Amino acid sequence: MTEIRMLKMRNPRTGQIDSELAVTSQAELDALVAKLRAAQPAWAAQPVQFRCDALLALADALERRRESMTDALLRDTGRWHESVLEFDSTLATLRRWAAGAPACLEVPAEAPGNIPFIKTRVNLVPYALVGVISPWNFPLLLSLIDAIPALAAGCAVLVKPSEVTSRFVEVLRLALAEVPALDQLIGVVIGDGVVGSALIAAVDMICFTGSVRTGRRVGEACAARFIPASLELGGKDPALVLADADPQRAARAIAWSGFVNGGQSCMSLERVYVDASIAEVFIAALVEEASRLRLAHPQPRDGEIGPIISAAQVDIVREHLADAKAHGARALTGGELKDLGGQWCPPTVLVDVDESMKVVREETFAAILPVMVVADEEEAIARANDSVYGLSAAVFSKDQARAERVARRLQAGGVSINDASLTGLIHSEEKQSFKQSGMGGSRMGAPSIRRFLRAQALLINPGVEDPWWFKAQP
Ligand code: NAD
């Protein structure tokens, strides 16, 4: 008999192991894959409205489980406010695609091709089985954000959430069981990278959200199998505060972006370049904003900042802080992790920092904002672009045209202007990750559904006899 592997689930608030989950075995994964593949052709053959109605039914089923799902997300992540936002954002994503998918999937009419008597038509053919591998920072949303349009496109989906935050899966499975049309089309497996590798071996396309390190391995595994990989990876998002920015307003937006979800969002700003002429007043305002925020302890609803969710991330954050201090960085507020059973990072503003330090160069994924003073806009742009990452950025200036000019020169897939992290809130615009922050088509915007479809051209000769028979074509 094969041994059942168990995942030990650590409570991020207390640091204690408080439960165990059984890891999906290879035999269970194989059976699930067979079930999903068997159900997919009939699902794809349904009118798109049928599939959209099923997505709406899932939104309603989740809504009925609001309390148990937000509780599960709280147990997974230790934070309350963002769990509610994450839950609401997931419902909104289901309903948005249910409303928008039919227009996205309209098949173009038959049309004449470049040779007029040949008619052409394009069929959109879904990948049969899409695999989704997600991280721990928004467990529910990032497990479904690609799965939802894939389902609308006619694919079946197999999801593997992070092993750090898999408690929510039980509630998701209960909700799915209430939507029979969908229950056969979406499977969820539990486990770590071993299960992730097995999933890649079993599907026809991958949507991966996670670190650059794992993303590279996932991309290589997909390349070996000749299957497409849509990779959404890490970042080190810069904010550029230009000389003519409103320093108070910039400080507020940057503090929100850097500290919400304890800085554990791919959309978090992680470094700031401020013009020397307003640096003093900006830094003072940022420190004031940071000092106002409280740890959400002892009760989850007490304050704004939750614990560091992943134990592995704690080591990275400690290392970045130690490296920065060893090289002369000063914390104007925060700067030390708090051991409250789990590890908590108070909002931290660092100065006397530069790109030689890990906290400026590498993704920290914590409530830490290193602030660097620059002589002018040119220096800010050059230093912002001096990174292997290219996820998002923010530019602050009272002159919108100037801010847009600066934004166009940034090597980042999304740039918020006079605000921050808008990429996490605006889902309607296409946005691709630059450099090592990702690969593949946009996850956002209506065209993102095309990632799950292949175009099949039908080239129709309506009855013209032997038009090509040994005639040279011009
Ligand atoms: P991670 O790369 O460690 O893990 C992500 C997922 O990959 C997990 O489910 C893990 O089990 C799985 N995995 C690990 N090894 C694997 C393998 N060999 N094959 C297949 N799957 C494997 O990332 P994490 O620590 O869970 O998440 C944090 C990272 O995610 C950060 O870098 C963050 O920036 C990034 N992220 C990016 C976005 C985005 O949209 N760009 C969004 C959220 C998070």
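One can find the structure itself at the top, above this paragraph.
Residues numbered from 1 in each chain as written. Predicted model: local features only at pLDDT ≥ 70, side-chain atom pairs only at ≥ 80, totals over all residues. Heavy atoms only, no water.

**Things to note about the pattern of salt bridges**
- Evaluation of the coordinates by the stated rule reveals 29 salt bridges.
- Lys 8 is paired through a salt bridge with Glu 20; the nearest N and O atoms lie 3.1 Å apart. Separated by 12 residues along the polypeptide, Lys 8 in strand S1 (residues 6-10) and Glu 20 in strand S2 (residues 17-22) bring together distant segments of the chain.
- Lys 8 gets classed as exposed once you look at its relative accessible area, which sits at 56%.
- Looking at Glu 20, the relative accessible area reads 41%, which means it is partly exposed.
- Notably, a salt bridge pairs Glu 304 with Arg 294, separated by 3.2 Å at the nearest N-O pair. Note that Glu 304 is positioned in the loop between helix H12 (276-292) and helix H13 (311-326) and Arg 294 in the loop between H12 and H13, a separation of 10 residues in sequence.
- We classify Glu 304 as partly exposed; its relative accessible area is 30%.
- Judged by its relative accessible area of 46%, Arg 294 is partly exposed. (Salt bridge = Lys/Arg side-chain N within 4 Å of Asp/Glu carboxyl O. Helix = DSSP H or I, 4+ residues; strand = E, 2+ residues; numbered from the N terminus. Buried < 20%, exposed > 50% of the residue type's maximum accessible area, 1.4 Å probe, protein only.)

**Here we look at the sheet that holds strand S15 (residues 348-351)**
- Across the sheet, 7 strands lie side by side as S12-S15-S16-S11-S10-S18-S19; this open sheet has mixed pairing. Looking at which strands have only one partner, the edges of the open sheet turn out to be strand S12 (330-333) and strand S19 (414-417). In this sheet, neighbouring strand axes are inclined to one another by 25° on average, regardless of whether the strands run parallel or antiparallel.
- Where S15 lies against strand S16 (residues 368-374), 3 bridges are found, and the strand directions are parallel. The partner of Val 349 across the bridge, within S16, is Leu 369.
- Of the strands in this sheet, strand S10 (237-241), strand S11 (269-275), S12, S15 and S16 are in contact with H12, which crosses S11 at around 145°. (Pairing = 2+ DSSP bridges. Axes fitted to C-alpha atoms, helices over the stretch in contact; angles between N-to-C directions. Contact = heavy atoms within 4.5 Å.)

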